[in-house]
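Working through the structure, step by step
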Amino acid sequence: MPATGQTRRLTLSGAPGAVGRCRDHTRSALEDWGWLPTADPDQQARADDVLLLVSELATNACQHAGGPDQLVLAATAHTLRIEVLDGSDEPPLPRVPHSPVRTGGHGLHTVALLASRWGHEPRVGAPGKAVWVEIDLPQG
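In this report, we go over the structure that sits alongside the text.

Rules of the game
- Residues numbered from 1 in each chain as written.
- Predicted model: local features only at pLDDT ≥ 70, side-chain atom pairs only at ≥ 80, totals over all residues.
- Heavy atoms only, no water.
- Buried < 20%, exposed > 50% of the residue type's maximum accessible area, 1.4 Å probe, protein only.
- Helix = DSSP H or I, 4+ residues; strand = E, 2+ residues; numbered from the N terminus.
- Pairing = 2+ DSSP bridges.
- Salt bridge = Lys/Arg side-chain N within 4 Å of Asp/Glu carboxyl O.

**So, the pairing of strand E3 (residues 79-86)**
Among the eight residues in E3, seven count as buried, and that is most of the element. Pairing of strand E2 (residues 68-75) with E3, which is carried by seven bridges, proceeds in the antiparallel orientation. Paired with Leu73 across the strands is Ile82, a residue of E3. By the bridge criterion, eight bridges tie E3 to strand E5 (residues 129-136) in an arrangement that is antiparallel. Within E5, the position partnered with Val84 by the bridge is Val131.

**Here we look at the pattern of salt bridges**
Counted according to the given criterion, the structure contains eight salt bridges. Where Arg123 meets Asp69, a salt bridge forms, and the shortest distance between an N and an O atom there is 2.6 Å. Of this pair, Arg123 sits in the loop between strand E4 (117-122) and E5 while Asp69 sits in strand E2, and the two are 54 residues apart along the sequence. A salt bridge links Asp136 to Arg117; its shortest N-O distance comes to 2.7 Å. With a gap of 19 residues between them, Asp136 in strand E5 and Arg117 in strand E4 connect regions that are remote in the sequence. Look at the salt bridges and you will find they share partners, linking Arg81, Glu83, Arg117, Glu121, Glu134 and Asp136 into a network.

Shown next, in the form of structure tokens:
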């Protein structure tokens, strides 16, 4: 990866199979960045977490915001930021109280457990929002 990092974008407006397309795009980026394939179980677990986070954000956009418009992956040597942009101004809200025995409603709780940070912000120059997660990468 270049010292300045790298950003990958996938435009999805109205595309069928958005969640799968987001996962495939992310897997391809992780392969290009040398995360996959790997024999290191910790690196494999981190890559699996990234793919799960992408799936959760894209699925939430499909279920609550009319589908994602764009996926943005921004990687540096220290952090991976994942953004899913959609056309809804409604913020993502975890179900409260959270109940592990309830069917569904676990996505944002999973995001909070796996991500170093997560949140949302208004889109710039368009209606809607970006829901983002950041993952701190191990140094060493």
